[in-house]
Amino acid sequence: MKVIIKENYEELSKEAAEIIKEAIQKKPNLVLGLATGSTPLGCYQELIRLYQKEGLDFSKVIIFNLDEYLGLSADHPQSYNYFMQENLLNHINVKQENFHIPLGIIKNIEKFCQEYEEEIKKAGGIDLQLLGIGSDGHIGFNEPGTPLNSRTHLAKLAESTIKDNSRFFEREEDVPRFAITMGVQTIFEAKKIVLLASGENKADAVAKALEGPITPQITASILQKHPDTIVILDQAAASKLKGKY
Ligand code: F6R
């Protein structure tokens, strides 16, 4: 793992966008794995700027998102599909048919999860996966206890995640309790991974993921074994690391 510590969130976001830009310039039909949540927002704003001001071309880029809340339709304002449209896709020239995200309303969950895996495989696998990290050390919705060899599956949200994510909902009761998520192994198979963490409330999870044992209790810890992972932190998120980076 390569660890980069930036002064603040803005610098972290620019660094992440720069890595994505270089990857697209190298491979215009990049298969890009993306995340939702607060952390990647600054990176998405910078990608939009790079498209608008520098002509960064997303026309051949293929996107696979990590996860979606179960029970929310694609046009629900709190769905991750809606989030991606509002915060990135509506502002760049990515083709809608090249955007993949799990559905929130599905009849046969198991079949859907297998098909999502197939689609990733058919696209040639994920070249670059962008990740955030939960305060409980999760990546995607792979909560503590999720097997490290898991693939796309139905996940039950941990209580801490429900609390963390309630800021996006009117009431805590409105936060869906389940989600469809890429599994730990699905994420691990991405050729390159960029994990972002910002703020003091991520410092514990970051320290455990980077310097603790590799364990299903902190699913991000699997990244210690990944051959090409870059972790970009701001000072606050890095504040509990013991090593020198
Ligand atoms: C989002 C996702 C989650 C978030 C994590 C951090 O698609 O998969 O793992 O990355 O919960 O969320 P924020 O960035 O809101 O702190």
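Residues numbered from 1 in each chain as written. Predicted model: local features only at pLDDT ≥ 70, side-chain atom pairs only at ≥ 80, totals over all residues. Heavy atoms only, no water.

## Notes on the site of the ligand
Step number 1: As a matter of local geometry, the ligand sits amid 14 residues, with T39, D67, H138, G140 and K202 nearest to it.
Step number 2: The separation between an oxygen atom of the ligand and a polar side-chain atom of R167 is 2.8 Å.
Step number 3: Residue K202 places a side-chain N or O atom 2.6 Å away from an oxygen atom belonging to the ligand.
Step number 4: Calculation on the ligand without its partners gives an accessible area of 410 Å², and the protein chains cover 93% of this total.
Step number 5: For the shell around the ligand, a count of residues per class yields three nonpolar, eight polar and three charged. (Near = heavy atom within 4 Å. Polar contact = N/O pair within 3.5 Å; in protein donor to acceptor, adjacent residues only side chain to side chain. Areas by Shrake-Rupley, 256 points an atom, 1.4 Å probe, with all protein chains shown as cover. Nonpolar A, V, L, I, M, F, W, Y, C, P; charged D, E, K, R; others polar.)

## Here's the deal with the packing of aromatic side chains
Step number 1: Following the criterion strictly, the structure yields six aromatic pairs and no others.
Step number 2: Seen in terms of ring centroids, Y69 and Y80 are 4.6 Å apart; in terms of plane orientation they differ by 40 degrees. Their pairing is tilted. Here Y69, found in strand β4 (residues 67-69), pairs with Y80, found in helix α3 (residues 80-87); they are eleven residues apart in sequence, far enough to count as distant.
Step number 3: A relative accessible area of 1% places Y69 in the buried class.
Step number 4: When the ring of Y69 is compared with that of F169, the centres are 5.7 Å apart and the planes differ by 75 degrees; the resulting orientation is edge-to-face. Of this pair, Y69 sits in strand β4 while F169 is found in the loop between α5 (159-165) and β8 (178-181), placing the two residues 100 residues apart along the sequence. In terms of burial, Y69 and F169 fall into one category: buried.
Step number 5: Each member of the aromatic cluster is reached from another via a ring pair, and the members are Y69, Y80, F141 and F169. (Phe/Tyr/Trp six-rings, centres within 6.5 Å; stacked < 30°, edge-to-face > 60°. Helix = DSSP H or I, 4+ residues; strand = E, 2+ residues; numbered from the N terminus. Buried < 20%, exposed > 50% of the residue type's maximum accessible area, 1.4 Å probe, protein only.)

## What to know about the pairing of strand β6 (residues 128-131)
Step number 1: What you see with β6 is no split at all: L128 and L130 on one side and Q129 and L131 on the other are buried throughout.
Step number 2: The pairing of strand β2 (residues 31-34) with β6 spans two bridges and is classified as parallel. In the strand pairing of β6, G33 is matched with Q129.
Step number 3: Of the pairings in the sheet, the one linking β6 to strand β9 (residues 192-197) comprises four bridges and is parallel in character. By the bridge assignment for β9, L131 is matched with L195. (Pairing = 2+ DSSP bridges.)

## Here we look at the nonpolar core
Step number 1: One finds Y44, L47, M84, L88 and I232 to be the most contacted residues of the largest nonpolar core, which totals 44 residues.
Step number 2: Elements with a minimum of two residues in this core: α1 (9-26), β2, α2 (41-54), α3, β6, β9 and β10 (229-234).
Step number 3: With seven residues, the top contributor of residues to this core is α1.
Step number 4: Filtering out sequence-adjacent residues up to four positions away, L88 remains in contact with L34, Y44, L47, I48 and F83.
Step number 5: In terms of nonpolar packing, the next biggest core, distinct from the first, is built from 37 residues, V31, Y116, A205 and I218 among them. (Core = buried A, V, L, I, M, F, W, Y, C linked by side-chain atoms within 4.5 Å. Contact = heavy atoms within 4.5 Å.)

## Some words on the sheet that holds β4
Step number 1: Strand order in the open sheet formed by three strands is β4-β8-β7, with antiparallel pairing between adjacent strands. Bordering the open sheet on either side are β4 and β7 (153-156), each of which pairs with just one other strand. On average, each strand axis in the sheet is tilted by 30 degrees relative to the strand beside it, whichever way the strands run.
Step number 2: Pairing analysis gives four bridges linking β7 to β8, with the strands arranged antiparallel. Each residue of the ladder has a partner; that of H153, found in β8, is T181. (Axes fitted to C-alpha atoms, helices over the stretch in contact; angles between N-to-C directions.)

## What to know about helix α7 (residues 203-211)
Step number 1: When α7 is considered as a whole, its buried residues turn out to be A203, A205, V206, A207, A209 and L210.
Step number 2: Tucked inside the fold, the buried residues of α7 contact β1 (2-6), β9 and β10.

## Let's talk about the packing of α1 against α2
Step number 1: Where α1 meets α2, the axes come as close as 8 Å, and the angle between the chain directions of the two elements is 55 degrees. Looking at the two axes, α1 sits oblique to α2. Between α1 and α2 lies a crossing of right-handed hand. Packed against α1, whose contacting residues are Y9, S13, K14, A16, A17, I20 and K21, the element α2 presents L41, G42, C43, E46, L47, L50 and E54 at the interface.
Step number 2: Among the residues making up the contact of α1 with α2, the classes are represented as eight nonpolar, two polar and four charged. (Parallel < 35°, antiparallel > 145°, perpendicular 65-115°, else oblique. Left-handed = near helix turned anticlockwise from the far one by under 90°.)

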